[in-house]
Amino acid sequence: MIKNYFKVIFACLLVVFTTACSTQIEEFGENFDRDKMDLFFSRIEKQNLGMGSISIFKNCKEDYQYSFGFIDVENSIEANENSKYRIASVSKAFTATMIIQLVEESKLTLETTIENYFPEIPNAKIITIEQLLNHRSGLFNFTEGEYDPEDRIQPASRQKLIEIFIKNGTNFSPNEKFEYSNTNYLLLSFIIEDIDEKTYASSFKDRLATPLGLTNTYNGEEINATDNEAYSYQLESENWVALVETHYTILQGTGSLVSTPKGVNAFYNALFDGRLVSESSLNKMTTMNDGYGFGLFTIPFYNKSGFGHDGRVDGYQSLSIYFPSDDVTLTYLSNGVNMVPNDIVIGALSIYSGLDYELP
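Conventions adopted
- Residues numbered from 1 in each chain as written.
- Predicted model: local features only at pLDDT ≥ 70, side-chain atom pairs only at ≥ 80, totals over all residues.
- Heavy atoms only, no water.
- Axes fitted to C-alpha atoms, helices over the stretch in contact; angles between N-to-C directions.
- Helix = DSSP H or I, 4+ residues; strand = E, 2+ residues; numbered from the N terminus.
- Parallel < 35°, antiparallel > 145°, perpendicular 65-115°, else oblique.
- Left-handed = near helix turned anticlockwise from the far one by under 90°.
- Contact = heavy atoms within 4.5 Å.
- Phe/Tyr/Trp six-rings, centres within 6.5 Å; stacked < 30°, edge-to-face > 60°.
- Buried < 20%, exposed > 50% of the residue type's maximum accessible area, 1.4 Å probe, protein only.
- Lys NZ or Arg CZ within 6 Å of the ring centre and 35° of its normal.
- Nonpolar A, V, L, I, M, F, W, Y, C, P; charged D, E, K, R; others polar.
- Pairing = 2+ DSSP bridges.

## Things to note about the packing of helix 5 (residues 158–168) against helix 6 (residues 182–196)
Then, in step 1: Relative orientation of the contacting elements helix 5 and helix 6 amounts to 140 degrees, with a least axis distance of 12 Å. The pairing of helix 5 with helix 6 is recorded here as oblique in orientation. Seen from above, helix 5 lies across helix 6 with left-handed handedness. Here R158, L161, I162 and F165 of helix 5 come into contact with helix 6, specifically with T183, L186, L187, F190, E193 and D194.

## Here's the deal with the environment of Y332
Then, in step 1: Relative to the assigned elements, Y332 resides in strand 13 (residues 328–337).
Then, in step 2: In this structure, the C-alpha to C-alpha distance between Y332 and P261, residues 71 residues apart in sequence, is 6.2 Å.
Then, in step 3: Beyond its immediate stretch of four places on either side in the chain, Y332 contacts M51, S53, I54, F68, Q317, S318, L319, P341, I344 and V345.

## Quick look at the environment of S305
Then, in step 1: By the secondary structure assignment, S305 is in strand 11 (residues 304–313).
Then, in step 2: Non-local contacts of S305, meaning those with residues more than four positions away in its chain, are made with I299, P300, F323 and P324.

## Points about unusual backbone geometry
Then, in step 1: Of note, D290 is a non-glycine position whose phi angle comes to about 60 degrees, a positive value.
Then, in step 2: Secondary-structure assignment places D290 in the loop between helix 10 (279–285) and strand 10 (297–301).
Then, in step 3: The backbone phi angle of D314 is positive, close to 50 degrees, even though this residue is not glycine.
Then, in step 4: Of note, D314 is situated in the loop between strand 11 and strand 12 (316–323).

## Description of the packing of aromatic side chains
Then, in step 1: In this structure the tally under the stated criterion is 25 aromatic pairs.
Then, in step 2: A centroid spacing of 6.3 Å and a plane angle of 25 degrees characterise the contact between F28 and Y352, whose relative ring orientation is stacked. With F28 in the loop between helix 1 (2–10) and helix 2 (34–46) and Y352 in helix 11 (residues 341–352), this residue pair connects regions lying 324 residues apart in the sequence. Y352 carries the same exposure label as F28, and that label is buried.
Then, in step 3: Of note, K92 hangs over the ring of Y185, and the distance from its end group to the ring centre comes to 5.8 Å.
Then, in step 4: The residue whose ring lies beneath K304 is F28, and the NZ or CZ to ring-centre distance is 5.7 Å.

## Some details on the packing of helix 3 (residues 91–104) against helix 9 (residues 261–272)
Then, in step 1: Between helix 3 and helix 9, the least distance of the axes is 11 Å, while the angle of their chain directions is 35 degrees. The element helix 3 and its partner helix 9 pack so that their crossing is left-handed. Residues A93, F94 and T97 of helix 3 touch helix 9, and the partners they reach there are V264, F267, Y268 and L271.
Then, in step 2: Classifying every residue of the contact of helix 3 with helix 9 gives 6 nonpolar, 1 polar and no charged.

## Points about the pairing of strand 7 (residues 233–236)
Then, in step 1: Relative to strand 8 (residues 239–242), strand 7 runs antiparallel, the two being bridged by 4 bridges. By the bridge assignment, Q234 is partnered in strand 8 with V241.
Then, in step 2: Taken together, strand 7 and the strand that follows it, strand 8, pair antiparallel across an intervening segment of 2 residues, in which S237 is found at a positive phi of about 50 degrees.

From the geometry alone we can't say anything about function, so treat these as descriptive.
Here it is in structure tokens:
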């Protein structure tokens, strides 16, 4: 059923790394074995365990980068450091940041209810901006709803999506509990458009991409490999087979951005360096309620704790983490998955930490 397909491609996986071990990591990246890291990703490629790119920043500078596989298998176009991928739900941190900027500009508040923008949405009079940000609105996750199989590859207007939200209704009363819902972040992207009086893509460019010089990070449309954008694939009988694209209008604000790992890392560094929102606003973004802040999870790795997000749509899977204690950011973007990205990132972080790690 298409219902299950949507549930899979938009599912947000809470990544939890091994914490039971007593191992204590003193500092990331101190004299790590670069050759071993290169060999790790070389083996992943040779064994058809995945395709994609990784970037690790330390102290705001790229300390490691590796790209492997193809962005276009049919035309044998190999991935490179500037290849761009759909980052799926990692987009939520960007959307949340733009909303917080609007709050700081006194154009709305966290307590503002959505009846000001969507009075027809169920519980609009009592659902707040904050509840959209931390997935406590109670609104049904529209990507788990019943769809015609052709709908996900067709353009979706705002009105059509709003009608779907109204039809789907709610699962619980606002603020009753946490429940991940892509509906929340689509509504937030529409609110950004209404307040800025421009498209989400234009707001993103003006508020984040241009100020940070993120020339390879933008609101994606139809994937174009000639522009160094990666198609997505799944492995079938040892061959990477291209997947049909979910139309970008369905992803807006909740999973629509395209970027390089370096671009995502640069965004996280700017966010946590105080270049995008104030310290008090960042504290609100990183205050966890049932494990989720505003577009961010907490992600542990042994004695370290970071903030980040993961995502998946079609054959793309992504994971980005910032560790404040070491000023280290890691982003892994994949367009072909045969080894769980969580395991790949654990391997990369283990090598980067100087821990014993057996290569696949």
